[in-house]
Amino acid sequence: MKMSNKDSETKLSLLQCSGCGKQYVPPKYLCTACGKTDFTEVFSQGKGEVYSFTIIRMPFEEFVDEAPYAFGEVKLDGSLVVPGRFTNEGEKAVKIGLKVSFVKWDRGVNWFELT
Ligand SMILES: [Zn+2]
């Protein structure tokens with residue numbers, strides 16, 4: 001679960017299995033590698049590249065003023081894939097393979113800046 005301290009809004013939050021050390025995108029309740037159910041929250045630099053994306057034209061009500069926008073997945077250095085949005089996208093600016101870095105956790109979404 002997300003903590004309410006500042007780190008959880010400015011750093012990319014991941015869960016690390018206390019048994020084998022494998023990292024996951026939250027939420028995660030069972031380690032598929034070793035079967036343990038105990039995790040600690042760790043923070044990633046959030047550097048990576050655009051792995052996939054789609055253009056959202058009919059979002060949830062909270063985001064309706066922002067549509068259309070790109071929502072996608074980022075493959076972090078270290079190979080974990082996390083979902084997120086892009087801060088300086090422009091609908092056509094997002095491309096698979098572009099370098100991105102994490103900027104914030106906001107309204108339940110990881111935000112990445114295209115670099
Ligand atoms: Zn494990």
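Shown above is the structure to which this text applies.
Being a predicted model, the structure only gives us computed values, none of them experimental. (Residues numbered from 1 in each chain as written. Predicted model: local features only at pLDDT ≥ 70, side-chain atom pairs only at ≥ 80, totals over all residues.)

Visitor: Looking at this model, I keep getting lost on unusual backbone geometry. Mind explaining?
Guide: Glycine aside, negative phi is the norm for most residues, and most peptide bonds take the trans geometry. Residue P27 is reached from P26 by a cis peptide bond, and omega for that bond is -10°. With an omega of 0°, the peptide bond running from A67 to P68 counts as cis. Mapped onto the fold, P68 is located in the loop between β4 (47-56) and β5 (69-76). (Helix = DSSP H or I, 4+ residues; strand = E, 2+ residues; numbered from the N terminus.)

Visitor: Got a minute to help me understand the pairing of strand β7 (residues 99-106) in this structure?
Guide: Regular strands place side chains that alternate from one sheet face to the opposite one. Where β4 lies against β7, three bridges are found, and the strand directions are antiparallel. Within β7, the position partnered with E49 by the bridge is K99. Sheet topology places β7 next to strand β8 (residues 109-114); six bridges connect them, and they run antiparallel. Its bridge partner lying in β8, K104 is registered against W111. Between the end of β7 and the start of β8, which pair antiparallel, lie two residues, with R107 showing a positive phi angle near 50°. (Pairing = 2+ DSSP bridges.)

Visitor: I'm lost on the nonpolar core in this one. Help?
Guide: Note that soluble globular proteins tend to have their nonpolar side chains buried in a common cluster. Counting 13 residues, the largest nonpolar core has V50, V74, F86, V94, V100 and F112 as the members making the most contacts within it. When contributions to this core are tallied by element, the ones reaching two or more residues are β1 (12-17), β4, β5, β6 (81-86) and β7. The greatest single-element share of this core, amounting to three residues, is contributed by β5. (Core = buried A, V, L, I, M, F, W, Y, C linked by C-beta atoms within 7 Å. Buried ≥ 20, exposed ≤ 12 C-beta atoms within 10 Å, placed from the backbone.)

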